[in-house]
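Examination of the molecular architecture
The lines below spell out each chain.
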Amino acid sequence: MASNVLILGAAGRIGQALVSAFAEAGWSVRAQARKPLPTALAAHPRVQAVRCDALDAHALRAAAQGVQVVIHALNPPYTQWDKLALPLLDAAIGAARESGALLMLPGNVYNFGSDLPARLSPGTPQRGDTPKARLRIETESRMATTPGLRSVVIRAGDFFGGPGRGTWLDMALASRVNKGRFVYPGALDTLHAWAYLPDLAQAFVRVADRHAELAGHHALHFAGHAVTGAQLHEAMQTAMGRDLKAADLPWGLIRVGALLVPMWRELLVMRYLWQRPHQLDDEGLRDLIGPLPQTPLHQAVRASLGELGLLPQPSASAFNAKARA
Ligand SMILES: NC(=O)c1ccc[n+]([C@@H]2O[C@H](COP(=O)([O-])OP(=O)(O)OC[C@H]3O[C@@H](n4cnc5c(N)ncnc54)[C@H](OP(=O)(O)O)[C@@H]3O)[C@@H](O)[C@H]2O)c1
């Protein structure tokens with residue numbers, strides 16, 4: 001029997017990666033977005049665009065008819081989580097309940113609060129000591145306690161890779177790569193959790209394939225790449241084929257600018273994630289779906305820089321030499 005998935009926020013960072021991965025895996029994909037999907041996704045024969053606002057409950061319920069899985073990949077602008085995160089969640093819950101579908105959410109590490117321990121497993125206590133931590137705790141609690149809803153959270157670190165923009169990789173680390181700089185927001189020896197989006201999207205497909213067996217609520221962790229800034233620095237230098245001088249993100253400037261720029265205020269609140277080493281323990285996810293997809297770090301960084309159009313072009317002479325060979 002054909003499997004149908006409704007992806008909410010299909011034009012977003014993980015949304016685009018999910019649409020590709022599910023369509024390539026043979027699922028029929030309904031891809032909700034307010035704006036047109038990127039051409040490569042819209043043209044895929046197994047992708048049907050659903051053009052509506054995610055807060056339009058009627059349109060969302062209609063789109064959810066006959067799907068086995070709904071993925072909530074919506075994300076309000078960073079400065080508007082307090083107003084929009086829970087209404088968008090409730091819309092996603094409504095769509096999943098309408099069709100009896102499994103609701104899946106890409107979770108993040110905010111739930112653990114600002115003194116998060118170095119190793120994060122699904123049983124690690126959650127502490128709502130920031131506004132965003134409280135919202136994520138409430139999000140997962142509503143998923144777990146809504147009567148009749150079956151749900152899965154796959155928690156991951158910072159996204160990178162894929163066609164979307166606005167990750168820490170493109171906004172900071174690679175932002176000055178063409179000027180020979182590697183810009184890092186924390187100490188270079190501190191471990192940080194990252195999720196390469198094509199790998200994470202594969203993990204979603206493999207869990208979704210088990211939708212019929214999944215009752216109740218499950219919180220699973222995707223380990224992805226737990227690496228230091230130094231490891232990323234080295235991977236980026238290798239991909240670029242040149243030395244890159246390490247530079248700090250200018251937190252002092254961000255602190256001053258935060259008086260005027262709401263987004264910078266939000267960044268300051270979350271700075272602890274660059275100061276506290278952390279990684280995710282993926283034991284439960286491996287128990288469910290077996291070995292996890294993991295593109296080697298160097299390959300993932302190279303592909304990500306390629307998506308951003310930042311890799312050096314082969315010189316004309318190298319190209320001609322290759323063509324003659
Ligand atoms: N980014 C990360 O590093 C990261 C890491 C771990 C977990 N996560 C979680 O993964 C989920 C998706 O994150 P993302 O970074 O992929 O999201 P994103 O690209 O920032 O946004 C996804 C989509 O949300 C939609 N959206 C935003 N505001 C909306 C509104 N008011 N009404 C309807 N739709 C709205 C937008 O859709 P339109 O195309 O319609 O504008 C956008 O394309 C979030 O729960 C996030 O917390 C993210």
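Below is a summary of the structure that appears in this document. (Residues numbered from 1 in each chain as written. Predicted model: local features only at pLDDT ≥ 70, side-chain atom pairs only at ≥ 80, totals over all residues.)

**A few points about the overall build of the protein chain**
- For the protein chain, the count of helices and strands is 14 helices and 14 strands.
- Against the 2.2 N^0.38 benchmark of 20 Å for 325 residues, the protein chain shows a C-alpha radius of gyration of 20 Å, consistent with a compact globule.
- When each of the 325 residues of the protein chain is scored for burial, the buried share is 40%.
- Restricting to contacts in the protein chain with at least 6 residues of sequence separation, those with at least 24 account for 74%. (Helix = DSSP H or I, 4+ residues; strand = E, 2+ residues; numbered from the N terminus. Rg over C-alpha atoms; globule rule 2.2 N^0.38 Å. Buried ≥ 20, exposed ≤ 12 C-beta atoms within 10 Å, placed from the backbone. Contact = placed C-beta atoms within 7 Å.)

**With respect to the environment of Leu 292**
- Tracing the backbone through its elements, the reader meets Leu 292 in the loop between helix H12 (283-289) and helix H13 (297-307).
- Look at Leu 292 and you get partly exposed, because 16 C-beta atoms sit within 10 Å.
- Apart from residues lying up to four places away in sequence, Leu 292 is in contact with Ala 203, Phe 222, Asp 282, Leu 285 and Arg 286.

**Focus on the site of the ligand**
- In the vicinity of the ligand, 24 residues are found, and the nearest of them are Gly 9, Gly 12, Arg 13, Arg 34 and Asn 75.
- If you list the elements that add at least two residues to the shell around the ligand, you get helix H1 (13-24) and strand S8 (158-160).
- In terms of residues, the shell around the ligand owes the most to one element, H1, which gives three residues.
- Considered class by class, the residues forming the shell around the ligand number 12 nonpolar, seven polar and five charged. (Near = placed C-beta within 6 Å. Nonpolar A, V, L, I, M, F, W, Y, C, P; charged D, E, K, R; others polar.)

**Observations regarding the sheet that holds S8**
- What the three strands build is an open sheet, ordered S8-S10-S12; its pairing is mixed. Of all the strands in the sheet, just S8 and strand S12 (225-227) have a single pairing partner and so form its edges. The sheet shows a mean angle of 35 degrees between the axes of neighbouring strands, taken without regard to direction.
- Where strand S10 (residues 192-196) and S12 come together, three bridges link them in antiparallel fashion. Note on S12: the bridge partner recorded for Ala 193 is Ala 226. (Pairing = 2+ DSSP bridges. Axes fitted to C-alpha atoms, helices over the stretch in contact; angles between N-to-C directions.)

**Things to note about the nonpolar core**
- One finds Ile 7, Leu 18, Val 70, Met 104, Ile 154, Phe 204 and Met 236 to be the most contacted residues of the largest nonpolar core, which totals 90 residues.
- Sort the elements by how many residues they give to this core and helix H7 (residues 197-208) lands first, with eight residues.
- Beyond its immediate stretch of four places on either side in the chain, Leu 18 contacts Ile 7, Ile 71, Ala 73, Ala 201 and Phe 204. (Core = buried A, V, L, I, M, F, W, Y, C linked by C-beta atoms within 7 Å.)

**Structural notes on the sheet that holds strand S3 (residues 47-51)**
- Taken in spatial order, the seven strands line up as S3-S2-S1-S4-S5-S7-S11 in an open sheet, and their pairing is parallel. Looking at strand neighbours, the two that pair on one side only are S3 and strand S11 (217-221), the edges of this open sheet. Here the strands of the sheet are splayed against their neighbours by 20 degrees on average, with no regard to which way each runs.
- Judged from the four bridges that link them, strand S1 (residues 4-8) and strand S4 (residues 69-72) form a sheet pairing that is parallel. Paired with Ile 7 across the bridge in S4 is Ile 71.
- Sitting on the sheet, helix H4 (residues 81-99) is in contact with S1, S4 and strand S5 (102-107), with an inclination near 175 degrees to S4.
- H7 rests against S1, S4, S5 and strand S7 (150-155) of the sheet, and its axis sits at about 155 degrees to S7.

**Focus: H1**
- For H1, spanning 12 residues, the distance from its first C-alpha to its last is 17 Å, which sits close to the expected 16 Å at 1.5 Å a residue.
- With respect to burial, H1 is a largely interior element, 11 of its 12 residues being buried.
- Burial in H1 covers these residues: Arg 13, Ile 14, Gly 15, Gln 16, Ala 17, Leu 18, Val 19, Ser 20, Ala 21, Phe 22 and Ala 23.
- With its phi angle positive at about 100 degrees, Gly 26 sits one or two positions after the end of H1. (Expected span 1.5 Å × (residues − 1).)

**Observations regarding the packing of helix H3 (residues 57-64) against H4**
- Remark: H3 packs on H4, axes separated minimally by 8 Å, with the N-to-C direction vectors making an angle of 40 degrees. One finds that H3 runs oblique with respect to H4. Here the hand of the crossing between H3 and H4 comes out right-handed. Between H3 and H4, the residues in contact are Ala 57, Leu 60, Arg 61, Ala 63 and Ala 64 and Ala 91, Gly 94, Ala 95, Ala 96, Glu 98 and Ser 99, respectively.
- When its residues are assigned to classes, the contact of H3 with H4 shows seven nonpolar, two polar and two charged. (Parallel < 35°, antiparallel > 145°, perpendicular 65-115°, else oblique. Left-handed = near helix turned anticlockwise from the far one by under 90°.)

**Structural notes on the environment of Gln 294**
- Mapped onto the elements, Gln 294 comes out in the loop between H12 and H13.
- Since 16 C-beta atoms lie within 10 Å of it, Gln 294 is described here as partly exposed.
- Distance in space between the C-alpha atoms of Gln 294 and Ser 121 is 19 Å, their sequence separation being 173 residues.

**Remarks on the packing of helix H8 (residues 229-240) against H13**
- Two elements in contact, H8 and H13, have axes whose closest approach is 9 Å; the angle formed by their N-to-C orientations is 60 degrees. What the angle tells us is that H8 and H13 run oblique. Between H8 and H13 the crossing geometry is right-handed. On the side of H8, the interface is formed by Gln 231, Leu 232, Ala 235, Met 236, Thr 238 and Ala 239, while H13 contributes Leu 297, His 298, Val 301, Arg 302 and Leu 305.
- Residues belonging to the contact of H8 with H13 are distributed by class as follows: seven nonpolar, three polar and one charged.

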